[in-house]
Amino acid sequence: MPPAGWPELDVLTDALERSAAASATARWALEQTCLEILETLAEALESRDRYTAGHSRRVSNYSRDLARECGLFEDEVERIRIGALLHDIGKVGIPDAILLKDGLLSDPERAIIETHPAIGVRILKRTGVFVDYLSIVGLHHENHDGSGYPNGLAGVDIPLDARIVRIVDTYDAMTTDRPYRTRLPEDIARKILSDASGTQFDPEVLQSFFASGIVAAK
Ligand SMILES: [Fe+2]
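Keep in mind the model is a prediction, meaning the values are calculated, not measured.

The final tally for this structure, using the stated rule, is 13 salt bridges. A salt bridge links Lys-91 to Asp-88; the nearest nitrogen and oxygen atoms lie 3.4 Å apart. We classify Lys-91 as partly exposed; its relative accessible area is 22%. With a shortest N-O distance of 2.9 Å, Asp-195 and Lys-191 are connected by a salt bridge. With Asp-195 and Lys-191 both in helix α9 (residues 186-195), this residue pair falls four residues apart, about one helical turn.

This part is about helix α10 (residues 203-211). Among the residues of α10, those classed as buried are Val-205, Leu-206, Ser-208 and Phe-209. Seen along its axis, α10 keeps its buried residues to an arc of 155°; they face one direction. Set apart from the buried face of α10 by more than 90 degrees, the exposed residues are Glu-204, Gln-207 and Ala-211. Buried residues along α10 sit against α2 (55-69), α8 (160-174) and α9. One side-chain oxygen at the N-terminal end of α10 lies 2.8 Å from the backbone nitrogen of Glu-204; it belongs to Asp-202. Backbone geometry just after α10 places Gly-213 at a positive phi near 80°.

We now examine a negative patch on the surface. Residues Glu-8, Asp-10, Asp-14 and Glu-17 make up a contiguous surface patch of negative charge. With respect to the element layout, Glu-8 can be found in helix α1 (residues 7-47). For Glu-8, a relative accessible area of 58% puts it in the exposed group.

Our focus in this paragraph is the packing of aromatic side chains. Under the criterion given, the structure shown has four aromatic pairs. Summarising the aromatic geometry, the rings of Phe-130 and Tyr-133 are spaced 5.7 Å apart at their centres and angled 35° between planes, so their arrangement reads as tilted. Comparing Phe-130 with Tyr-133 shows no difference in burial state: the two are buried. Residues Tyr-171 and Phe-209 carry aromatic rings whose centres are separated by 5.0 Å and whose planes lie at 65° to one another, so their mutual orientation is edge-to-face. Pair noted here: Tyr-171 is in helix α8 and Phe-209 is in helix α10, with a separation of 38 residues, a long-range link. Across this residue pair, the class does not change: Tyr-171 and Phe-209 are buried. Counting every residue linked through ring pairs, the aromatic cluster contains Tyr-62, Tyr-171, Phe-209 and Phe-210.

We now examine the side chain of Glu-142. Along the chain, Glu-142 turns up in the loop between α7 (134-139) and α8. Nearest to the buried, unbridged Glu-142 among oppositely charged side chains is Arg-166, at 8.0 Å. Separated by 2.7 Å, the side chain of Glu-142 and the backbone nitrogen of Asn-151 make a polar contact. Reaching out from Glu-142, the side chain makes a polar contact with the backbone nitrogen of Gly-152 at a distance of 3.0 Å. Leave out the neighbours within four places in its chain, and Glu-142 touches Gly-148, Tyr-149, Pro-150, Asn-151, Gly-152, Leu-153, Ile-158, Arg-166 and Gln-200.

Turning to the coordination of the iron ion, a few remarks are in order. Taken together, Asp-88 (OD), His-116 (NE2), His-140 (NE2) and His-141 (NE2) make up the protein donors of the iron ion, found 2.1 to 2.3 Å from the metal. Around the iron ion, the four donor atoms sit at angles spanning 87 to 176°, and that spread fits a shape best called irregular. In the primary structure, the donors to the iron ion are separated according to the pattern D-x27-H-x23-H-H. Of the two residues, Asp-88 sits in the loop between α3 (74-85) and α4 (96-99) while His-140 sits in the loop between α7 and α8, which places them 52 residues apart along the sequence. Pair check on accessibility: Asp-88 and His-140 agree, each one buried.

Conventions adopted
- Residues numbered from 1 in each chain as written.
- Predicted model: local features only at pLDDT ≥ 70, side-chain atom pairs only at ≥ 80, totals over all residues.
- Heavy atoms only, no water.
- Salt bridge = Lys/Arg side-chain N within 4 Å of Asp/Glu carboxyl O.
- Buried < 20%, exposed > 50% of the residue type's maximum accessible area, 1.4 Å probe, protein only.
- Helix = DSSP H or I, 4+ residues; strand = E, 2+ residues; numbered from the N terminus.
- Arc of directions from axis to C-beta.
- Contact = heavy atoms within 4.5 Å.
- Polar contact = N/O pair within 3.5 Å; in protein donor to acceptor, adjacent residues only side chain to side chain.
- Patch = residues over 30% accessible without salt bridge, like charges linked within 9 Å, V, L, I, M, F, W, Y side chains within 5 Å.
- Areas by Shrake-Rupley, 256 points an atom, 1.4 Å probe, with all protein chains shown as cover.
- Lys, Arg positive; Asp, Glu negative; His and termini not counted.
- Charge placed at Lys NZ, Arg CZ, Asp CG, Glu CD.
- Phe/Tyr/Trp six-rings, centres within 6.5 Å; stacked < 30°, edge-to-face > 60°.
- Donors = N, O, S within 2.8 Å, 3.2 Å for Na, K, Ca; no water.
- Tetrahedral: all angles 85-135°; square planar, octahedral: opposite > 155°, others 65-115°.

Such coordinate-based values are descriptive only and should not be taken to indicate function.
The structure is reproduced here in structure tokens:
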């Protein structure tokens, strides 16, 4: 508070407060615009491949539901929902010949595919306002036992948000049609997830997944 009898300071304080509020509003609007652009980019990415159409949106919705089942607060649930929507944004940097290949990938092709988390992180860092989503985009292929990529992190060294997306990403891939196979039945997909508890997936988060009532969208 300015000293009494200094009206100039009152005026200045009011102006600064208004300016700060306007600046916060402008920043929020800018972030929303960037987010919409990235969401559009994610959808454009999926339109390259009819087999993955809707994948990011489903992974986003499943991740939201699983985050709630894990007991997270709503602002954290919302952060995970958005991060999951962007999880594969780095695939924009993968050539069609590899991304859309029908047959098995060669080792060099697989190595290129595995760069997509790092590409995604670079894209998000360039905007400068999406640091909240870097862990999901960069670490959603890490495995519980340390056998994943890009960093070979294990257990709780992998952020919970990335462990959540790891499960639902795999689940959605199994329960949708792919060029080389039709979708797996629900019970088979759940058995495969269960068999990879403790190796690919965090056992506790997987239990929450099974308890959550998430069922593949038909
Ligand atoms: Fe991915």
